[in-house]
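Structure assessment
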Amino acid sequence: RALPSPGQAPPTQMVQSKGSRGLRLAGAMVTALSFPSSQIFTNCDYFPAEFSLVATIKTPRLTQKRNEYIFSVVEESSDSLLLGLRLSPVQTGPEQGQLWFNAQRKGLFICDGLSWSALLQNEERLDYVEDYQDLYTSSETFDVEVFSIPSEGLFMAAANRDSRPGSGIYKWTDGSFQLYQNISTQEARAWKHFTIDNKIFLVVANSRESEPELSIIYKWNQRRRRFLRHQNLETHSAVDWEAFQIHNHSFLVVANHRRDSNHNIHSVIYRWDPNTKLFEVNQTLSTSGAYDWEFFSVGPYHFLVVANTFDGRTTTISSTVYVWLDGCFQTFQSIPTVGATDWETFQIDGRFFLAVANSQKVSDRGPSLYTINSTVYELNTFTQTFIRFQDILTHSAVDWEFFTIGEEKFLVVANSHDGSSYSLNSVVYRWQGYEGFVPVHSLPTFGCRDWEHFNTEEGSFLIYSSATSRLSKVFKLRTY
Ligand SMILES: [Ca+2]
Ligand SMILES: [Ca+2]
Ligand SMILES: [Ca+2]
């Protein structure tokens with residue numbers, strides 16, 4: 001709304017050009033705000049002496065305040081409003097009730113007087129997978145962890161085998177991962193990122209046997225824009241960390257794989273002490289060659305599940321789901337697994353699933369079997385147990401990754417070895433309801449160890465790391 005001074009003509013005119021409507025300054029206001037074009041176009045003789053500046057304000061679909069000035073000109077000395085552009089919701093827009101077909105977004109929208117709401121919209125669907133970036137890391141990569149730092153962007157921490165130069169932290173720059181920081185690690189097996197009080201942390205699982213065996217927590221330093229060492233924790237052949245929160249308390253749990261040749265040891269849960277700003281031992285749980293921890297919540301209940309790989313004799317053992325009761329984790333269910341290396345938890349239409357990656361069946365006689373079933377379990381809320389939902393034949397599976405594109409749900413498996421070769425297809429499965437997960441894409445991988453899905457402004461991506469080569473690969477998920 002333009003406010004004319006008393007006795008003066010309105011200082012603005014409403015102008016309409018096609019679908020855009022604007023305010024044009026008029027009268028004395030123009031002279032007051034104008035300046036010769038030669039002031040900014042010093043070397044351009046062809047530029048007209050008179051021109052206009054057009055400011056365009058585009059409002060995204062936000063919940064509007066009832067009344068809001070989005071542009072105002074005030075008198076310098078008195079702060080009194082000379083010119084104001086006010087946005088106030090009116091239900092009588094000429095477009096109300098109109099339909100609009102947006103070809104780009106493939107949707108049909110209706111104007112409710114305030115905004116366009118979707119009546120029908122085509123969800124994105126996966127078309128095919130495209131080779132996108134070859135990422136050569138300093139040594140073999142056991143794990144990648146993708147995370148964002150608000151105000152900085154998207155990062156990826158690679159857990160690299162060699163101590164020098166250690167593990168690489170990469171930043172997504174101009175559409176690909178670029179090395180950002182090296183952190184000295186000792187046969188790093190996994191990274192986990194977490195946030196406490198808006199501070200960003202990274203913890204590494206160092207698996208090398210040295211004295212003392214330490215895994216390290218790093219904290220993002222805002223000023224130096226680097227991760228700096230925050231705390232050391234004693235671990236034993238650590239291969240995974242999980243971070244979680246229960247009732248505003250922050251926890252970490254480590255997968256201690258073995259101590260010397262003993263695989264039946266304790267894995268440790270740590271709790272953050274807000275006073276000392278350090279993690280302290282909270283609970284220990286006995287594990288057998290622990291390889292992975294996964295935390296998940298179902299309604300008000302909190303769960304932790306461990307992948308037990310090997311008890312020193314066999315890989316055909318059980319892995320345990322724990323439930324948080326009376327301030328600690330207690331056994332909820334033991335699930336038979338075969339060299340379990342990863343648990344992936346996900347929800348589909350209100351149903352809870354747990355998928356285990358089974359890596360190998362060690363046999364007393366003859367060689368180990370790698371081509372075995374990995375299993376998807378579903379939580380039966382009536383019996384309160386996880387029940388086998390689907391067996392999927394895998395080749396030394398070491399990771400599952402669940403992701404969604406539009407309405408579609410996918411699982412991708414890391415097939416690492418079939419007994420003779422590390423050059424194998426990793427498979428993308430699509431959720432097809434009653435049929436369960438159905439294979440839809442085969443992706444050639446070499447020594448595949450870990451899959452991660454992530455989104456950027458450029459689209460949807462998958463990255464896999466290799467435990468047998470320095471080459472990790474980023475794939476773009478093409479949609480239609
Ligand atoms: Ca990972
Ligand atoms: Ca994990
Ligand atoms: Ca996983």
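Refer to the structure printed above.
Note that the coordinates shown come from a computational prediction; the quantities given were computed from them, not determined experimentally.

**Looking at the overall build of the chain**
Across its full length, the chain carries one helix and 35 strands. Looking at the chain as a whole, 36% of its 480 residues qualify as buried. Restricting the contact set of the chain to residue pairs at least 6 apart, pairs at least 24 apart contribute 39%.

**Details of the sheet that holds strand β29 (residues 397–405)**
One open sheet accounts for four strands, arranged β29-β30-β31-β32; its pairing is antiparallel. Each end of this open sheet is capped by a strand with a single partner; those strands are β29 and β32 (437–446). Shown here is a sheet whose adjacent strand axes are inclined to one another by a mean of 20°, direction ignored. Where strand β30 (residues 408–415) and strand β31 (residues 423–431) come together, three bridges link them in antiparallel fashion.

**Focus on the pairing of strand β22 (residues 301–308)**
Where burial is concerned, most of β22 is hidden: six out of the eight residues are buried. Note that strand β21 (residues 290–298) and β22 share eight bridges and pair antiparallel. Bridging from a neighbouring strand, E294 pairs with V305 of β22. Taking the residues that link successive antiparallel strands as the turn, the β21-β22 hairpin has two residues, and the phi of G299 there is positive, at about 55°. Relative to strand β23 (residues 316–325), β22 is paired through three bridges, and the arrangement is antiparallel. The residue bridging F303 from the neighbouring strand is V323, located in β23.

**A closer look at the sheet that holds strand β14 (residues 199–206)**
Strand pairing in a sheet is mediated by backbone hydrogen bonds. Such pairs are either parallel or antiparallel. Pairing is antiparallel in the open sheet, where four strands are placed in the order β13-β14-β15-β16. Where the open sheet ends on each side, the last strands, each with one partner, are β13 (188–196) and β16 (226–234). Along the sheet, successive strands turn relative to each other by an average axial angle of 25°, direction set aside.

**A word on unusual backbone geometry**
For the bond from R164 to P165, the omega torsion is 0°, close enough to zero to count as cis. Looking at where P165 falls in the secondary structure, it is placed in the loop between β10 (153–160) and β11 (167–173). Here the amide bond leading from E211 into P212 is cis, since omega sits at -10°, within 30 degrees of zero. Relative to the helices and strands, P212 resides in the loop between β14 and β15 (214–221). A positive phi is found at D260, a non-glycine position, where the angle reads about 55°. Relative to the helices and strands, D260 resides in the loop between β18 (249–256) and β19 (264–273).

**Re the environment of I317**
Inspection of the secondary structure assignment puts I317 in strand β23. By the C-beta count within 10 Å, which is 22 here, I317 ends up buried. As a C-alpha pair, I317 and G339 span 22 residues in sequence and 7.7 Å in three-dimensional space. Sequence-distant contacts of I317, defined by excluding residues within four places in its chain, comprise S288, N308, D311 and T337.

**Points about the pairing of β16**
The pairing of β15 with β16 spans eight bridges and is antiparallel. For N221, the partnering residue across the bridge sits in β16 and is R226. Adjacent in sequence and paired antiparallel, β15 and β16 are bridged by four residues, among which R225 carries a positive phi angle near 50°.

What counts and what doesn't
- Residues numbered from 1 in each chain as written.
- Chains lettered and ligands numbered in written order.
- Predicted model: local features only at pLDDT ≥ 70, side-chain atom pairs only at ≥ 80, totals over all residues.
- Helix = DSSP H or I, 4+ residues; strand = E, 2+ residues; numbered from the N terminus.
- Buried ≥ 20, exposed ≤ 12 C-beta atoms within 10 Å, placed from the backbone.
- Contact = placed C-beta atoms within 7 Å.
- Pairing = 2+ DSSP bridges.
- Axes fitted to C-alpha atoms, helices over the stretch in contact; angles between N-to-C directions.

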